[in-house]
Protein chains: 2
Amino acid sequence: MGHRLGDASAPARLAAPDEGIGRDELALATRNHGLPLETLRHDVTPPGLHYVLTHYDIPYVPDDTEWQLTLGGLVRRPLRLDLADLRAFAPVTTRVTLECAGNGRALLTPRPVSQPWLVEAVGTAEWTGVPLRRLLEEAGVGPGAVDVVFTGADHGVERGVEQDYQRALPVDTALGADPEVLVAYAMNGAPLPPQHGRPLRLVVPGWYGMAHVKWLREVTVTDTQFTGFQQAVAYRLRARPEDVGEPVTRIVPRALLVPPGFPDFMSRTRVVRPGPIELEGRAWSGRAPVTRVEVSTDDGHSWHEAALEPDGGHRWAWRRWRAGWTATPGEHVLSARATDAEGHTQPLEQPWNRGGFANNLVQRVPVLCLDEPEPGQPGADADAGAGAPE
Amino acid sequence: MGHRLGDASAPARLAAPDEGIGRDELALATRNHGLPLETLRHDVTPPGLHYVLTHYDIPYVPDDTEWQLTLGGLVRRPLRLDLADLRAFAPVTTRVTLECAGNGRALLTPRPVSQPWLVEAVGTAEWTGVPLRRLLEEAGVGPGAVDVVFTGADHGVERGVEQDYQRALPVDTALGADPEVLVAYAMNGAPLPPQHGRPLRLVVPGWYGMAHVKWLREVTVTDTQFTGFQQAVAYRLRARPEDVGEPVTRIVPRALLVPPGFPDFMSRTRVVRPGPIELEGRAWSGRAPVTRVEVSTDDGHSWHEAALEPDGGHRWAWRRWRAGWTATPGEHVLSARATDAEGHTQPLEQPWNRGGFANNLVQRVPVLCLDEPEPGQPGADADAGAGAPE
């Protein structure tokens, strides 16, 4: 009758058909949050709107100046740096679109039981910090280095394994210039908010969120491949529980729409009035630059080219797109689909794996177009964009 | 076969027994979010951690300087003010704990179907702005005034009713000095984040969140009682659908614990090791100052007095409390209960109404205390606070 760590954890599982979201999934959903999709209009996401996924607790760091980052393991000169030391390096700022590897999970059938994202686990920020390769050069990576392991201050249990959150990158990625990995201390020009890793986090442009270790306190160069829980057990693409699986790495392409019109509070159905509507949204890929966005207003039966705005020099950030639509009374389903320069695109049938990772099924936005503008209603014309008949 | 607003809305309903959280509730939960409870440690909540509940879309306001606030209706001198005009008034800053009226809803049986909060829909911020009474004095409230109506820029449908979000206060409350209602333009010393009402919101210290109208653009003094949807239909305490119901107004007392130890990712069970642990948390009431917090470590069977910190002059903000506990191996349920100066306290049986409003059932925090510290585990002693046996 002992009380062991394993008693706190349930095994990974899939929801039964028609099983609603459970108390455990809800407990994650009430504390983590996605980007409200109407705020896709912002080029750079204000911090409180950027998606957040924290495995354990957000560490309480009352005094940033006491934070220490160590670089050790297979290096010639182990380093111990505080924030002032890091700020003494030439800063680099990169605009990065960050997406959770589990985005879209709650729409899958069967549904992997975990953080129940719909499609909103994304955000774009300007991250400022020191290139990781500068720090590794300073420390001097020894011969035979294989992985660089990153340890955060967040501590918890997962499937019976007590752990500090840890992830690794291959040494070539860690030392690479494209993308250039950052040890970031600022987000949108201000110190990191607590939920985004205050005071330090890793930023790995193009990679899913699990690689961007928050509350970073330790960097360790190893001569073996890292086999920690978040690398070898979690964040793998598996069809069956016994598969070794492929690791989750870079972000596959996705486009999202700013839902047009206005919502019903409870159903979240979008309502528009008849007439021309400019659709807009964002598209990104961590594999290669997005080169094409198509839009469908008939639930994927036909597709039309959207106008893609230039990337403005921000290779690792989403791009805005626009497309016209003339709404007619009735029910419609809007979708957008991104394709990148390597030809990766979004599937119309769900890509499924047991973790629900890297799932970029096209978004479906149901829209109700009313028969006509309602005379005397406030805002009757604001979203339909067309003159109301008298 | 027309397409009308009502087609977007479902009627208010209660979940069936054992019905999981539905797609509609999840769509609210992924965009709105609560306070991660470990961040109750902050006296003032960083904006991205403060709870957010938006009925419709967050309005996109690219340029604050174009925002206009009008004061009209039954006044002698209608006003039209921009942000610069408002900043010209002597600013007032008030620390306020804000809680959603629906906090705790998802724990109710039966569960009202709406935003599915557990207990985390709360936050505390320093709001800076102009006292509403100063603006109303400037405009000159006419004789016979009954209500003051506040209109936000957020627009949507709710149970078939298209609306801008609107709420009213009785004229005496709007003109009152205790609490002093603010038209706020800053949160924690910075411009309001978009999700908290940028550029202007109402702050009504002591009242539930529905009164704090965000994206405020219009203040109208009326000689009749306001009967808009959010006043007369929503936010009423009703046992049966046909009841008129009592309006939801001021916040009833609540205490919350910082969950001790560390969590399991999926079950959110808290894990501690044997030994002394300092429990801490916050307590608040919008009715009268909190005067007492009690703690139970045996699922409500016995209660012990917690030490309540002084309010530091912040009458409308939560107060910190602390209590000792010696954890012993096994499963425990921790709770805290607040009482205010008027004798209001928290029930041990759920207070129920059809909206799930003002429900301050005591929090239950299940904790697993392990048999002993795990040798060699990182952080083995960090949370138990006691020396590990060798």
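The model shown is predicted, which means the values in this text are computed figures rather than measured ones. (Residues numbered from 1 in each chain as written. Chains lettered and ligands numbered in written order. Predicted model: local features only at pLDDT ≥ 70, side-chain atom pairs only at ≥ 80, totals over all residues. Heavy atoms only, no water.)

**Student:** Run through the interface of chain B and chain A, naming residues and quoting values.
**Tutor:** Between chain B and chain A, the residue contacts involve 74 residues of the former and 74 residues of the latter. Roughly 6500 Å² of surface becomes buried between chain B and chain A when both sides are summed, with 62% attributable to carbon and sulfur atoms. Area buried by chain B at its contact with chain A is led by His3(B), Phe265(B) and Met266(B), which between them contribute 12% of it. Where chain B touches chain A, the interface holds 6 salt bridges. Linking Glu38(A) and Arg31(B) is a salt bridge whose minimum nitrogen-to-oxygen distance equals 2.8 Å. Counting the contacts that link chain B with chain A gives 27 residue pairs in polar contact (both at pLDDT 80 or more). For the side of chain B that touches chain A, the secondary-structure elements that each account for two or more residues are α1 (23–31), β5 (147–158), β6 (161–170), β14 (262–263), β15 (270–272), β21 (330–340) and β22 (365–369) of chain B. The biggest single contributor to the side of chain B that touches chain A is α1(B), with 9 residues. Within the side of chain B that touches chain A, the residues separate by chemical class into 31 nonpolar, 22 polar and 21 charged. (Contact = heavy atoms within 4.5 Å. Buried area = accessible area lost by both parts, 1.4 Å probe. Salt bridge = Lys/Arg side-chain N within 4 Å of Asp/Glu carboxyl O. Polar contact = N/O pair within 3.5 Å; in protein donor to acceptor, adjacent residues only side chain to side chain. Helix = DSSP H or I, 4+ residues; strand = E, 2+ residues; numbered from the N terminus. Nonpolar A, V, L, I, M, F, W, Y, C, P; charged D, E, K, R; others polar.)

**Student:** Kindly report on a negative patch on the surface, identifying the contributing residues and their values.
**Tutor:** Residues Asp7(A), Glu331(B), Asp371(B) and Glu372(B) make up a contiguous surface patch of negative charge. Structurally, Asp371(B) is set in the segment after β22. (Patch = residues over 30% accessible without salt bridge, like charges linked within 9 Å, V, L, I, M, F, W, Y side chains within 5 Å. Areas by Shrake-Rupley, 256 points an atom, 1.4 Å probe, with all protein chains shown as cover. Lys, Arg positive; Asp, Glu negative; His and termini not counted. Charge placed at Lys NZ, Arg CZ, Asp CG, Glu CD.)

**Student:** Before we move on, could you go through the sheet that holds strand β6 (residues 161–170) of chain A and cite the residues and values that matter?
**Tutor:** Residue and element names in this part refer to chain A. Pairing in this open sheet of 5 strands is mixed, and the strands run β2-β1-β10-β5-β6 from one edge to the other. Edge positions in the sheet fall to β2 (79–81) and β6, since each of these pairs with one other strand and no more. When strand polarity is set aside, the average angle formed by the axes of neighbouring strands in this sheet is 25 degrees. Relative to strand β10 (residues 216–222), strand β1 (residues 69–73) runs parallel, the two sharing 4 bridges. Along β10, the bridge assignment pairs Gly72 with Thr220. (Pairing = 2+ DSSP bridges. Axes fitted to C-alpha atoms, helices over the stretch in contact; angles between N-to-C directions.)

**Student:** Please provide a residue-by-residue account of the pairing of strand β3 (residues 92–99) of chain A, values included.
**Tutor:** Residues and elements named next belong to chain A. Burial of β3 is extensive: 6 of the 8 residues sit out of reach of the surface. Looking at chain direction, β3 and strand β4 (residues 122–131) are connected through 8 bridges and run antiparallel. Looking at β4, one finds that Thr93 is bridged to Thr128. (Buried < 20%, exposed > 50% of the residue type's maximum accessible area, 1.4 Å probe, protein only.)

**Student:** Describe in detail the relation of the copies chain B and chain A, supporting the description with residues and values.
**Tutor:** Turning chain B through 180 degrees and shifting it by 0.0 Å along the axis lays it on chain A, with an RMSD of 0.0 Å. In the structure described here, the two chain copies are related by an operation that fits a two-fold rotation axis. (Least-squares fit on C-alpha atoms with pLDDT ≥ 70 in both.)

**Student:** I'd love a proper account of the packing of aromatic side chains, names of residues and values included.
**Tutor:** Residues and elements named next belong to chain A. Taken as a whole and judged by the stated rule, the model has 6 aromatic pairs over all chains. Plain terms: the ring middles of Trp284 and Trp318 are 6.1 Å apart, the flat faces sit at 55 degrees to each other, and that makes the pair tilted. Of this pair, Trp284 sits in strand β16 (residues 275–284) while Trp318 is found in the loop between β19 (307–308) and β20 (319–327), placing the two residues 34 residues apart along the sequence. Comparing Trp284 with Trp318, the two get one shared label, buried. Directly above the ring of Trp316 sits Arg315, whose terminal nitrogen or CZ lies 4.0 Å from the centroid. Positioned over the ring face of Trp303 is Arg337, at 4.3 Å from the centre of the ring. (Phe/Tyr/Trp six-rings, centres within 6.5 Å; stacked < 30°, edge-to-face > 60°. Lys NZ or Arg CZ within 6 Å of the ring centre and 35° of its normal.)

**Student:** Talk me through the confidence of the model for chain A; I want residue IDs and the actual numbers.
**Tutor:** All names here are of chain A. Mean pLDDT for chain A: 94, with 95% of residues reaching 70 or above. Residue range residues 378–390 is modelled with pLDDT below 50. Its contacts to residues more than four positions away, or to other chains, number 23 contacts. Across the predicted assembly, pTM comes out at 0.94 and ipTM at 0.93. (pLDDT = per-residue confidence, 0-100.)

**Student:** Hey, could you go over the pairing of strand β17 (residues 290–296) of chain A for me, with residue numbers and the actual values?
**Tutor:** Across a regular strand the side chains alternate sides, sitting on one face of the sheet and then on the other. Residue and element names in this part refer to chain A. Taking burial as the measure, the 7 residues of β17 include 5 buried ones, the bulk of the element. Relative to strand β21 (residues 330–340), β17 runs antiparallel, the two being bridged by 6 bridges. Counted as the bridge partner of Arg292 is Thr339 from β21. Pairing geometry for β17 and strand β18 (residues 304–305), over 2 bridges, is antiparallel. Pairing of Val295 across the sheet is with His304, part of β18.

**Student:** Which residues make up helix α3 (residues 132–139) of chain A, and what values do they have?
**Tutor:** Residue and element names in this part refer to chain A. Looking at α3, one finds that the buried residues are Leu132, Leu135, Leu136 and Ala139. Relative to the axis of α3, the buried residues are bounded by an arc of 100 degrees and lie together on one face. The first or second residue beyond α3 is Gly140, which carries a positive phi of 80 degrees. (Arc of directions from axis to C-beta.)

**Student:** Account for the pattern of salt bridges, with residues named and values stated.
**Tutor:** One pass over the structure, following the stated rule, counts 50 salt bridges over all chains. Each of the salt bridges in this network shares a partner with another, and the network as a whole consists of Arg41(A), Glu278(A), Glu280(A), Glu309(A), Arg320(A) and Arg322(A).

**Student:** Go over unusual backbone geometry with me, naming the residues and quoting the values.
**Tutor:** Backbone phi values are negative for most residues with the exception of glycine, while trans is the configuration of most peptide bonds. A cis amide bond links Asp178(A) to the next residue, Pro179(A), at an omega of 5 degrees. Mapped onto the fold, Pro179(A) is located in the loop between α4 (171–175) and β7 (182–187). Going from Arg198(A) to Pro199(A), the amide bond is cis rather than trans, its omega being 5 degrees. For Pro199(A), the position within the fold is in the loop between β8 (190–191) and β9 (201–203). The backbone phi angle of Ala358(A) is positive, close to 50 degrees, even though this residue is not glycine. Non-glycine residue Trp215(B) carries a positive phi angle of around 50 degrees. For Trp215(B), the position within the fold is in the loop between β9 (201–203) and β10 (216–222).

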